[in-house]
Amino acid sequence: MLFVLPLDRQFAYHFLENDCYGHASWIHDRIHLNENEIDIAFLGTSATIQAIYEEAIENVLDSTYGQTPRLANLGYCRPGRNLHYILLEELLSEKKVNTIILEVREKEDRYSHPVFPNLAKREDVLKPVWMFNRDIASDWVNALLTRYAYRKQKFLHNLSLEYPVDTLLFGYGAGTRIAPEKELQEMLEKRREPKAELSQWQKDFYAKYPKAYIEKIADLCEENEVKLVFLFLHFYGVQAEEPTELDYYNGLGEIWLPPKAIFEKPSNWMDPDHLNINGANELAPWLASKIASMQGE
């Protein structure tokens, strides 16, 4: 019954108000309740939240290139390609987007996103990508718990489902902290330690699950005539010049490799995994130039 009855979309996003600094409720309101269009959307993890300073990018596009596309940073904490697919579905149901810029890392994460079952529609939960998906059972349980909480609040306690609307245009999470040199150095040494390499068949095996959702994202973009771009974001101390799956991404869309110098500067980091506002400000003009070139094509 819980899966048969509809789940209020606003409740689902506000149900996560204590997760990822309330970013889910903002994403809902930016997509569904904010009348401003979204021309270019960024999808990814908290690395995207902290790296993509939409307002700064828009300012450069306007002042330098005379372009005024509306950008939205729809990043959400923690990796999981199935969540990016769900957010893209949500976005395209309401907005006429022309470009999706999807964060990629050195390697693909192979697991379901923890909040996928909270936000996914019934058909996406009940018919997920099956192959090599270890989280199907837990996703079903969490999807049921979310739907039970909705029915309990709405019918058993007759509580109001009205929420304050977040009118902010941008999702960038400004971080002003500068990571101490010792903290960065320790992570640098840790990431340079030799690690046991998986065999090629193991790499291929674990990549099938995230790639299945990336291909669903690519198909959804193609169906809606949306350009798909992959954006490589480094962590501090990662030595890779490009993602492991570079050729794979190139087969599905364009890939952008930002200047590595931005990611090598210690003062650009809030912590070893997230750029601070210095780093985001350095990345903004480069992104603006890439977007301007793309818009001019």
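So, here's what we can say about the structure. The model shown is predicted, which means the values in this text are computed figures rather than measured ones. (Residues numbered from 1 in each chain as written. Predicted model: local features only at pLDDT ≥ 70, side-chain atom pairs only at ≥ 80, totals over all residues. Heavy atoms only, no water.)

**Some details on the packing of helix α4 (residues 54–65) against helix α13 (residues 277–295)**
Line of reasoning, step 1. Viewed as axis vectors pointing N to C, α4 and α13 meet at an angle of 55 degrees, and their least axial separation amounts to 8 Å. Taken together, α4 and α13 sit at an angle that is classed as oblique. The way α4 lies across α13 gives a crossing that is right-handed. Side by side, α4 and α13 meet where Ala-56, Ile-57, Val-60, Leu-61 and Tyr-65 of the first sit next to Asn-281, Ala-284, Pro-285, Leu-287, Ala-288, Ser-289, Ile-291 and Ala-292 of the second.
Line of reasoning, step 2. Looking at the contact of α4 with α13 residue by residue, the classes come out as 11 nonpolar, 2 polar and no charged. (Axes fitted to C-alpha atoms, helices over the stretch in contact; angles between N-to-C directions. Helix = DSSP H or I, 4+ residues; strand = E, 2+ residues; numbered from the N terminus. Parallel < 35°, antiparallel > 145°, perpendicular 65-115°, else oblique. Left-handed = near helix turned anticlockwise from the far one by under 90°. Contact = heavy atoms within 4.5 Å. Nonpolar A, V, L, I, M, F, W, Y, C, P; charged D, E, K, R; others polar.)

**Examining a negative patch on the surface**
Line of reasoning, step 1. There is a patch of like negative charges on the surface, built from Glu-215, Asp-219, Glu-222 and Glu-223.
Line of reasoning, step 2. Checked against the element boundaries, Glu-222 lands in helix α10 (residues 200–223). (Patch = residues over 30% accessible without salt bridge, like charges linked within 9 Å, V, L, I, M, F, W, Y side chains within 5 Å. Areas by Shrake-Rupley, 256 points an atom, 1.4 Å probe, with all protein chains shown as cover. Salt bridge = Lys/Arg side-chain N within 4 Å of Asp/Glu carboxyl O. Lys, Arg positive; Asp, Glu negative; His and termini not counted. Charge placed at Lys NZ, Arg CZ, Asp CG, Glu CD.)

**Thoughts on the side chain of Lys-95**
Line of reasoning, step 1. Within the element layout of this structure, Lys-95 appears in the loop between α5 (81–94) and β3 (99–104).
Line of reasoning, step 2. The charged side chain of Lys-95 is buried without a salt bridge, its nearest counter-charge being Glu-37 at 4.8 Å.
Line of reasoning, step 3. Once you skip the residues sitting within four places of it in the chain, Lys-95 turns out to touch Arg-30, Ile-31, Asn-34, Glu-35, Asn-36, Glu-37 and Ile-38. (Buried < 20%, exposed > 50% of the residue type's maximum accessible area, 1.4 Å probe, protein only.)

**Considering the pattern of salt bridges**
Line of reasoning, step 1. With the rule as written, the count across this model stands at 13 salt bridges.
Line of reasoning, step 2. The partner of Glu-103 in a salt bridge is Arg-105, with the nearest N and O atoms 3.3 Å apart.
Line of reasoning, step 3. For Arg-105, a relative accessible area of 21% corresponds to the partly exposed category.
Line of reasoning, step 4. For Glu-282, the salt bridge goes to Lys-265, with nearest N and O atoms at 2.6 Å. Placement of the pair is Glu-282 in helix α13 and Lys-265 in the loop between α12 (260–264) and β6 (269–271), with a sequence separation of 17 residues.

**Things to note about the sheet that holds strand β4 (residues 227–232)**
Line of reasoning, step 1. With parallel pairing, 5 strands are arranged side by side in an open sheet as β2-β1-β3-β4-β5. Looking at strand neighbours, the two that pair on one side only are β2 (71–73) and β5 (254–256), the edges of this open sheet. On average, each strand axis in the sheet is tilted by 20 degrees relative to the strand beside it, whichever way the strands run.
Line of reasoning, step 2. For strand β1 (residues 40–43) and β2, the ladder comprises 3 bridges, and the chain directions are parallel. Following the sheet pairing, Phe-42 is matched in β2 by Asn-73.
Line of reasoning, step 3. Sheet contacts for α10: β3 and β4; angle to β4, the most-contacted strand, approximately 140 degrees. (Pairing = 2+ DSSP bridges.)

**Remarks on the side chain of Asn-118**
Line of reasoning, step 1. Relative to the assigned elements, Asn-118 resides in helix α6 (residues 116–119).
Line of reasoning, step 2. Looking at Asn-118, its side chain comes within polar contact range of the side chain of Thr-146, at 2.7 Å.
Line of reasoning, step 3. In this view, Asn-118 contacts Leu-7, Ala-12, Phe-15, Leu-16, Asn-142 and Thr-146; residues no more than four positions away in its chain are not counted. (Polar contact = N/O pair within 3.5 Å; in protein donor to acceptor, adjacent residues only side chain to side chain.)

**Digging into α5**
Line of reasoning, step 1. Compared with the 20 Å implied by 1.5 Å per residue over 14 residues, the 21 Å span of α5 between its first and last C-alpha is a close match.
Line of reasoning, step 2. Counting buried residues along α5, 11 of its 14 residues qualify, which places the element largely inside the surrounding structure.
Line of reasoning, step 3. Every buried residue belonging to α5 is among Arg-81, Asn-82, Leu-83, His-84, Tyr-85, Ile-86, Leu-87, Leu-88, Glu-90, Leu-91 and Leu-92, and all of these are buried. (Expected span 1.5 Å × (residues − 1).)

**Some details on the packing of aromatic side chains**
In this description, an aromatic ring pair is defined by two values, namely the gap between the centres and the angle between the planes.
Line of reasoning, step 1. Scanning the model with the defined rule gives 15 aromatic pairs in all.
Line of reasoning, step 2. On the basis of an interplanar angle of 70 degrees and a centroid distance of 6.4 Å, the ring pair of Trp-201 and Phe-205 is categorised as edge-to-face. Linking Trp-201 with Phe-205, this pair stays in helix α10, spanning 4 residues, or about one helical turn.
Line of reasoning, step 3. By relative accessible area, which is 31% here, Phe-205 ends up partly exposed.
Line of reasoning, step 4. With 5.5 Å between their ring centres and 75 degrees between their planes, Tyr-209 and Tyr-213 make a pair best called edge-to-face. Here Tyr-209 and its partner Tyr-213 are both found in helix α10, 4 residues apart, which amounts to about one turn of the helix. Each member of the pair Tyr-209 and Tyr-213 is classed as buried.
Line of reasoning, step 5. One aromatic cluster is present, built from ring pairs that chain together Tyr-85, Phe-116, Tyr-209 and Tyr-213.
Line of reasoning, step 6. When the ring centre of Tyr-248 is taken as origin, the NZ or CZ atom of Lys-211, which lies over that ring, is 4.5 Å away. (Phe/Tyr/Trp six-rings, centres within 6.5 Å; stacked < 30°, edge-to-face > 60°. Lys NZ or Arg CZ within 6 Å of the ring centre and 35° of its normal.)

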